[in-house]
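Observations on chain architecture
Listed here are the chains, written in short residue letters.
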Amino acid sequence: MRRRHAVLAATASLLLVVSACGSGSDTGSSSSSSTSSAAAGSSADSSSASSSSADSSAATSSSGGSSTAGASGSAGSDSGSATASSGSGTGTGATGAGLPNTGKTIDIMGFSTGDEVGTSRVDYAEKQDPSLQVQVDQNGFDAQKFATAMGGGSAPAGVYMDRELLATYAQKGFLQPLDDCISADGIDLSQYYPDAVKEATYNGKIYGIPDFYTVRAVLINNKVLSGAGLTTADIDTSNWDKLTSAATKMYKASGGKPSVIGYDPKLPEYLPLWAMANGGSIIGADGKPTLNDPKVVEALKYTVSLVNAQGGWANFKSFRDTWDFFGAGNEFAKNQIGAMDYEQWYVNVLAGFPASSDLSAVPFKGRDGQPLSTATGGAFALPKDSPNAGGMCQFMKLVTSKEAWAAAGAARAAALAPKKGIFTGLFSANKVANDALQKQYVKPSGNSKIDAVIKVYYDALSYAKTVPPSPVGQDIKSAYEQAVTDALGGKDPQQALDAAQETAQNAYDDAVG
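A brief structural summary. As the structure is a computational prediction, the values presented were derived from the model and not from experiment. (Residues numbered from 1 in each chain as written. Predicted model: local features only at pLDDT ≥ 70, side-chain atom pairs only at ≥ 80, totals over all residues. Heavy atoms only, no water.)

A count of helical and extended segments in the protein chain gives 21 helices and 16 strands. Taking all 513 residues of the protein chain together, the buried fraction comes to 62%. For the protein chain, the share of sequence-separated contacts (at least 6 apart) that also reach a separation of at least 24 residues comes to 82%. As presented, the protein chain carries roughly 17,000 Å² of accessible surface, and 50% of it is formed by carbon and sulfur atoms. (Helix = DSSP H or I, 4+ residues; strand = E, 2+ residues; numbered from the N terminus. Buried < 20%, exposed > 50% of the residue type's maximum accessible area, 1.4 Å probe, protein only. Contact = heavy atoms within 4.5 Å. Areas by Shrake-Rupley, 256 points an atom, 1.4 Å probe, with all protein chains shown as cover.)

Attention now moves to the pattern of salt bridges. Applying the stated criterion across every chain, the model contains 15 salt bridges. With a closest N to O distance of 3.0 Å, E199 and R163 form a salt bridge. A residue pair is termed long-range when its members are at least 10 positions apart, and E199 in helix α9 (residues 194–199) and R163 in the loop between β5 (158–162) and α7 (166–171) qualify at 36 residues. With respect to burial, E199 and R163 carry one shared label: buried. In this structure, R320 and D264 form a salt bridge, with 2.9 Å as the shortest nitrogen-oxygen distance. You can see R320 sitting in helix α14 (residues 313–320) and its partner D264 sitting in strand β11 (residues 257–264), a full 56 residues away along the chain. For the pair R320 and D264, a shared accessibility class is recorded, and that class is buried. Taken together, the shared-partner salt bridges in this structure form one network comprising D115, E116 and R412. (Salt bridge = Lys/Arg side-chain N within 4 Å of Asp/Glu carboxyl O.)

Most of strand β12 (residues 337–343) is tucked away, with seven of its seven residues classed as buried. As defined by bridge partners, strand β9 (residues 216–221) adjoins β12 across five bridges and the pair is classed as antiparallel. Of the residues in β12, the one forming a bridge with I220 is A339. As paired elements, β11 and β12 share three bridges and run parallel to each other. Looking across to β12, one finds that I261 is bridged to I337. (Pairing = 2+ DSSP bridges.)

A separate point is the sheet that holds strand β15 (residues 378–381). Reading across the sheet, the five strands line up as β4-β3-β5-β15-β8 and stay open at both edges, with mixed pairing between neighbours. Only two strands of the sheet have a single partner each, and these edge strands are β4 (134–135) and β8 (209–210).

On to the state of the cysteines. On inspection of all chains with the given rule, the structure shows one disulfide. Each sulfur of the disulfide joining C181 and C393 lies 2.4 Å from the other. Note that C181 is positioned in helix α8 (residues 179–185) and C393 in helix α16 (residues 389–399), a separation of 212 residues in sequence. (Disulfide = S-S within 2.5 Å.)

As for its placement among the helices and strands, G369 is situated in the loop between β13 (359–362) and β14 (373–374). Between the alpha carbons of G369 and N239 there is a distance of 8.2 Å; along the sequence they are 130 residues apart.

Looking now at α16. α16 sits mainly inside the fold: 10 of its 11 residues count as buried. The complete set of buried residues in α16 reads A389, G390, G391, M392, C393, Q394, F395, M396, L398 and V399.

To continue, consider the environment of G158. Following the sequence through the fold, G158 ends up in strand β5. Using a relative accessible area of 0% as the deciding quantity, one classes G158 as buried. Counting along the chain gives 237 residues from G158 to F395, while the straight-line C-alpha distance between them is 9.6 Å. G158 has contacts with D107, I108, M109, A381, P383 and M392, leaving out every residue within four places of it along the chain.

It is worth spelling out the sheet that holds β12 at this point. Hydrogen bonds between backbone groups are what pair the strands of a sheet, and the pairing can be parallel or antiparallel. Across the sheet, which stays open at both edges, the five strands sit in the order β10-β11-β12-β9-β13 with mixed pairing between neighbours. Each having just a single partner strand, β10 (252–254) and β13 make up the two edges of the open sheet. On average, each strand axis in the sheet is tilted by 30° relative to the strand beside it, whichever way the strands run. By the bridge criterion, three bridges tie β10 to β11 in an arrangement that is antiparallel. Looking across to β11, one finds that A253 is bridged to P258. (Axes fitted to C-alpha atoms, helices over the stretch in contact; angles between N-to-C directions.)

Once that is clear, we can look at the packing of aromatic side chains. Applying the stated rule across the entire model yields 30 aromatic pairs. Plain terms: the ring middles of F212 and W405 are 5.1 Å apart, the flat faces sit at 90° to each other, and that makes the pair edge-to-face. You can see F212 sitting in the loop between β8 and β9 and its partner W405 sitting in helix α17 (residues 402–416), a full 193 residues away along the chain. Between the aromatic rings of F325 and F326, the centroid separation amounts to 5.2 Å while the plane-to-plane angle is 90°, which identifies the pairing as edge-to-face. Per residue, the accessibility class of F325 equals that of F326, and both read buried. (Phe/Tyr/Trp six-rings, centres within 6.5 Å; stacked < 30°, edge-to-face > 60°.)

This part covers the packing of helix α11 (residues 240–250) against helix α13 (residues 294–308). Close contact between α11 and α13 brings their axes to 10 Å; oriented N to C, the two are set at 20°. It follows that α11 is roughly parallel to α13 by the angle criterion. Along this stretch, α11 crosses α13, giving a crossing that reads as right-handed. Seen from α11, the contacting residues are W240, L243, T244 and A247; seen from α13, they are E298, A299, Y302 and L306. Looking at side-chain class alone, the contact of α11 with α13 contains six nonpolar, one polar and one charged residues. (Parallel < 35°, antiparallel > 145°, perpendicular 65-115°, else oblique. Left-handed = near helix turned anticlockwise from the far one by under 90°. Nonpolar A, V, L, I, M, F, W, Y, C, P; charged D, E, K, R; others polar.)

Most of β5 sits inside the fold, with five of its five residues counted as buried. One ladder, built from four bridges, connects β5 with β15; its direction is antiparallel. Each bridged residue has a counterpart across the sheet, and for M161 the counterpart in β15 is A379.

The following block contains the structure:
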């Protein structure tokens, strides 16, 4: 077995067991904090717009998206029964007709295991089929590196990227559809969340096998909230005036500089969520950019006003960049934040420190009052001219199977049981696996507040929605992040998004002809 494990500093921060920090790692995707952050193409200011964005982007890897704050102590004992029933690996090295396992190393660009959630699944796959020799990456997905490899005739056996990018690379001809792979290896698509499959589909063909399923909710610092005389009912994203009022009550400044941010809307990366909350979308159902749709413009105007009500972007960002996002002195521990939208994996980090575990969570809501979350995550894909397409197909089936996730759950539980940590979930895109893991490991922890937070995120799985795929998804992301940064810097939001729309539309026209 040839394997190179991830060495990303941010990922390492996430891999601490719960007595120090928990063993969660992002993921997957990413999230608007995506594995493709290196390829975002936006300005330096945009790409570093929040310290948490940069950290979570770096942390998103093959083990990204796991959201655990530890594990129940009895979990490790179930490992044998959890994996024994697989039957999914043949051990022969052969797949269906036309997709032979060439025996070559399965090098997967962008896939960095990072922790026991990743390594245990790779180990499971290799055990099921000993012909598989998996070589993981040291880093997350790098667009330039991938383009260079594809252009230079040195395609990797596989690639791992955010699902939102699959349509872009399918359109470029860098990825091959998985019809034969799915058919030959008998990959059951019904086991995955439908929206995850939808996000991996372009022009009626599937280009990725979903891995993680990342959702969002509003995390609340109870101490800051109560100190402002507020309750969780006051943190209501469906009522923008009420939310601004709550944010300004929690906000504090010293010498004109923020010392507590009341509410962080997580700009620029969360614009799609705010647009969705306002009944809009940054991408139309046909994959075309809709960045200057009135609903998107209105969402940007509001979120910019929310930042401006808390010291303005320069001060807001400078203060936010000082946060020790993954450490014991994180912004919740130091009471530097009242509430913010964020992904489920971060609960693991916060619950690992007593000073940052006094939390609540509420669903992010649309202006219609209904709970809302975007859903993102990584996927495995097959590059055109893969030197081992059959082996990669077999690996994708095995590593995303219920049995592989059972092995991951057992490994996580075994690692964290001595620390008496809290298992907050492994948010897999495999719904069957997710349900089984939740049932087996997510138990009352003795911390009712954290348990309630975990429930909010699990509830989000039922209503999370994906942004429609687009052949220029990466260009759209770059364009809107630049527009948000410009608007935060003082440019009129309408003008900023008009410019972004023109840029994205030109990219779309060039891509589709």
